[in-house]
Amino acid sequence: QVQLVESGGGLVQAGGSLRLSCAASGRILSFNPVDWHRQAPGQQREFVARINPDGSTDYTDAVKGRFTISRDNTKRTVHLQMDSLKPEDTAVYYCFVEYRDSTFRRVSSWGQGTQVAVSS
């Protein structure tokens, strides 16, 4: 199973910015849809953004216009640029990808998560 490694979380004041990164070996992130999800304390994990292999993107309404998901194929990395952060964006952010392995079995992989905290 491919391992996803997230980085870039931290503490920021409201209105500030952070850039999260998700890295993986091989071309998994280039050839499959990649999601960012988040989980706030006491709440269920929720979808944040997706980038498809063709570069098209999708966002949950709460982050549209503030977050941007992108892919760097040369570095095999997916980024989540988060601007105009709000306290309600505070959560652990997870990278997620679903792909087929060499036997065409569907495999789901989550990163370990990176904490984002936004102070008011």
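Look a little higher up for the structure.
Since the model is a prediction, treat every value here as computed from it, not as a measurement.

1. Side note on the environment of Ala62
Mapped onto the elements, Ala62 comes out in the loop between strand E6 (57–59) and strand E7 (67–72). With 49 residues separating them in the primary sequence, Ala62 and Gly111 have C-alpha atoms 22 Å apart.

2. A look at the packing of aromatic side chains
A ring pair, where both rings are aromatic, is described by two values, the distance of the centres and the angle of the planes. Counted by the stated rule, this structure contains 2 aromatic pairs. Their ring planes at 90° and their centres at 6.3 Å tell us that Tyr94 and Trp110 sit as a pair that is edge-to-face. With a gap of 16 residues between them, Tyr94 in strand E9 (residues 91–100) and Trp110 in strand E10 (residues 106–110) connect regions that are remote in the sequence. Here Trp110 falls in the partly exposed class, since its relative accessible area comes to 38%. With centroids separated by 4.5 Å and ring planes inclined at 40°, the aromatic side chains of Phe96 and Trp110 adopt a geometry described as tilted. Of this pair, Phe96 sits in strand E9 while Trp110 sits in strand E10, placing them 14 residues apart in sequence. Looking at Phe96, the relative accessible area reads 15%, which means it is buried. Across the ring face of Tyr94, the terminal group of Arg45 is positioned such that the distance to the ring centre comes to 3.7 Å.

3. What to know about the nonpolar core
Among the nonpolar cores identified, the biggest contains 31 residues, and Trp36, Leu80, Met82 and Tyr93 are the most heavily contacted of them. Those elements that provide at least two residues to this core are strand E3 (18–23), helix H1 (28–31), strand E4 (34–39), strand E5 (46–51), E7, strand E8 (77–82), E9 and strand E11 (114–119). The element best represented in this core is E9, accounting for 5 residues. With sequence-adjacent residues up to four places away left out, Met82 is seen in contact with Gly16, Ser17, Leu18, Leu20, Arg66, Phe67, Tyr93 and Val116.

4. What to know about the pairing of E4
Looking along a regular strand, one sees the side chains alternate between the two faces of the sheet. By the criterion of burial, E4 is predominantly enclosed, with 5 of the 6 residues buried. Linking two consecutive strands that pair antiparallel, namely E4 and E5, is a turn of 6 residues; a positive phi of about 75° is found at Gly42 within it. Sheet topology note: the E4/E9 ladder contains 6 bridges and is antiparallel. Of the residues in E9, the one forming a bridge with Trp36 is Cys95.

Conventions adopted
- Residues numbered from 1 in each chain as written.
- Predicted model: local features only at pLDDT ≥ 70, side-chain atom pairs only at ≥ 80, totals over all residues.
- Heavy atoms only, no water.
- Helix = DSSP H or I, 4+ residues; strand = E, 2+ residues; numbered from the N terminus.
- Phe/Tyr/Trp six-rings, centres within 6.5 Å; stacked < 30°, edge-to-face > 60°.
- Buried < 20%, exposed > 50% of the residue type's maximum accessible area, 1.4 Å probe, protein only.
- Lys NZ or Arg CZ within 6 Å of the ring centre and 35° of its normal.
- Core = buried A, V, L, I, M, F, W, Y, C linked by side-chain atoms within 4.5 Å.
- Contact = heavy atoms within 4.5 Å.
- Pairing = 2+ DSSP bridges.

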